[in-house]
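Descriptive structure summary
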Amino acid sequence: MELSNLFSSGNIGSVQIKNRIVRSATFSHMAEKYGYIGESFLKMYEELAQGGTGLIITEATAVDPGGTGGPYQLCLYEDSHMSGHKKLVNLIHEYDNTKIAIQIQHSGRLGDHPKYPTIAPSPVPYKETGITPKELTSKEVEQYIEKFVNTGLRAYECGYDMVQLHAAHGYLLNNFISPYTNIRNDEYGGSTQNRVKILKDIYNKIRDEVDKNFPIIIKFQSQDFIPNGITEGEGIEIAKILSDIGFEAIEPSGGTRESLYFTKNSLPSRSIKKEEDENYFLPFAKKIKPFLTNSALILVGGIRNPLTAEKILQEGYVDFISLCRPLIYEPDLPNRWRNGDLSPAKCISCNSCFVTMDKGPIYCVTKQNLEKRN
Ligand SMILES: Cc1cc2nc3c(=O)[nH]c(=O)nc-3n(C[C@H](O)[C@H](O)[C@H](O)COP(=O)(O)O)c2cc1C
């Protein structure tokens, strides 16, 4: 078979994934009001499982009501959210050994909740909204750590196969690890080790309470593309620290909406005009792979061609490949490839899905326009 690596099983910690295809976390705006799981939400995830993805990572799930990006973001900050998550996990597990991870997140400095203050490690104004966040006290940092831990433990109880911390794209955990947004003087600021301490504390506190076979994984900011932010060199150092902490898998990403003020095409979801634009975090992944003795490496960002993905896996540069926008257009893409149609993903990386996100459930505008025309 031409895609024998892509469709071989692989492990994250001791959890076996049936193939090397991960669905990268994707905010869907499909939860019911206040973050509950309803029928349309379940249907969207069921389609992904039917489509052959090995590991589905949910969308960013709020650990605190003040950390949401609106009332329709998925939440798991209180027990009342749990029954929906249990339904989701059970549904996905019915499909041919598909695994599901939950991504947990707080919007941090990017928050603009009408009822709750915007919070961050330091009061560095956010360029897009002009909001200066409230600086957390050391005691409050500990309270936010507990919020992540409690959501992680709820996820464990709901039966998720693993939990992913969202420490990228300008949200709270990214704010802590970045020297641009963290200018604290306490144990959570200063050196790289200090800025990463919040991730270590969350990891250890969840690890203490769960089975050793439950992976705790992370999506992290390898580069901010902002002056005084995380550079590639520091990103490599952070990756090493994360692996030493014990994170069972690492998915490097980078950029925020704010980085566009400084660096062209630096969004986490970049535009891709030509083949050379694809797989844009591969050069970084290659640099960290030799250090990741304990952690699986998940490559995200512009993966579109199954033959290239196969080669990347075959060369041993990464352990898994992760897709977001292609699966919005084609939730059955893994099965299409497995069944021998090796044409690249139909997604043209136009980011039309982003534009739909603010108003309602996300969808691919390009696909819809094509369908209307035919
Ligand atoms: C509509 C949309 C929603 C996204 N939501 C999330 C999210 O909730 N959490 C996250 O870590 N990344 C999120 N991302 C970023 C993707 O997971 C991914 O890192 C990025 O799009 C690059 O992968 P791709 O080229 O396969 O799309 C989102 C991207 C898009 C387009």
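Residues numbered from 1 in each chain as written. Predicted model: local features only at pLDDT ≥ 70, side-chain atom pairs only at ≥ 80, totals over all residues. Heavy atoms only, no water.

Take the pattern of salt bridges next. For the structure on display, the rule yields 19 salt bridges. The closest approach of N and O atoms between Asp 96 and Lys 18, which form a salt bridge, is 3.3 Å. One end of the pair, Asp 96, is in the loop between helix H2 (82–93) and strand E5 (99–105); the other, Lys 18, is in the loop between strand E2 (15–17) and strand E3 (21–23), and 78 residues separate them in sequence. The exposed category is assigned to Asp 96, whose relative accessible area is 54%. Among the ionic contacts, a cluster of salt bridges with common partners joins Glu 187, Lys 197 and Asp 201. (Salt bridge = Lys/Arg side-chain N within 4 Å of Asp/Glu carboxyl O. Helix = DSSP H or I, 4+ residues; strand = E, 2+ residues; numbered from the N terminus. Buried < 20%, exposed > 50% of the residue type's maximum accessible area, 1.4 Å probe, protein only.)

Glancing now at the pairing of strand E9 (residues 216–223). Counting buried positions over the 8 residues of E9 gives 7, a clear majority of the element. The pairing of strand E8 (residues 162–167) with E9 spans 5 bridges and is parallel. Across the sheet, the residue bridging to Leu 165 is Ile 218, located in E9. Two strands pair when backbone bridges link them, and E9 and strand E10 (residues 249–254) are joined in this way by 5 bridges, in the parallel orientation. Bridge pairing in E10 places Lys 219 opposite Glu 251. (Pairing = 2+ DSSP bridges.)

With that settled, consider the environment of Glu 209. Counting through the fold element by element, Glu 209 comes out in helix H5 (residues 192–209). C-alpha separation for the pair Glu 209 and Arg 23, spaced 186 residues apart in sequence, amounts to 27 Å. The contacts of Glu 209, once residues within four sequence positions are left out, are Leu 153 and Tyr 156. (Contact = heavy atoms within 4.5 Å.)

This brings us to the packing of helix H3 (residues 138–158) against H5. Relative placement of two packed helices is described by the angle separating their axes and the distance separating the axes. Remark: H3 packs on H5, axes separated minimally by 9 Å, with the N-to-C direction vectors making an angle of 40°. Judged by the inter-axis angle, H3 sits oblique to H5. Considering only the axes of H3 and H5, their crossing is right-handed. Of H5, the residues touching H3 (which contributes Val 141, Ile 145, Glu 146, Phe 148, Val 149, Gly 152, Leu 153 and Tyr 156) are Ile 198, Asp 201, Ile 202, Lys 205, Ile 206 and Glu 209. Split into classes, the residues belonging to the contact of H3 with H5 amount to 9 nonpolar, 1 polar and 4 charged. (Axes fitted to C-alpha atoms, helices over the stretch in contact; angles between N-to-C directions. Parallel < 35°, antiparallel > 145°, perpendicular 65-115°, else oblique. Left-handed = near helix turned anticlockwise from the far one by under 90°. Nonpolar A, V, L, I, M, F, W, Y, C, P; charged D, E, K, R; others polar.)

Bringing the site of the ligand into the picture now. In the vicinity of the ligand there are 23 residues, among which Ala 25, Phe 27, Ser 269, Gly 302 and Arg 325 approach most closely. The side chain of Ser 24 places a nitrogen or oxygen atom 3.2 Å from an oxygen atom of the ligand. Here an oxygen atom of the ligand and a backbone polar atom of Ala 60 are 3.2 Å apart. Here the ligand has 610 Å² of accessible area as a free molecule, and 96% of this is covered by the chains. Those elements giving two or more residues to the shell around the ligand turn out to be helix H9 (325–329) and helix H11 (352–357). (Near = heavy atom within 4 Å. Polar contact = N/O pair within 3.5 Å; in protein donor to acceptor, adjacent residues only side chain to side chain. Areas by Shrake-Rupley, 256 points an atom, 1.4 Å probe, with all protein chains shown as cover.)

Scope: geometric values only; no functional claims are made or implied.
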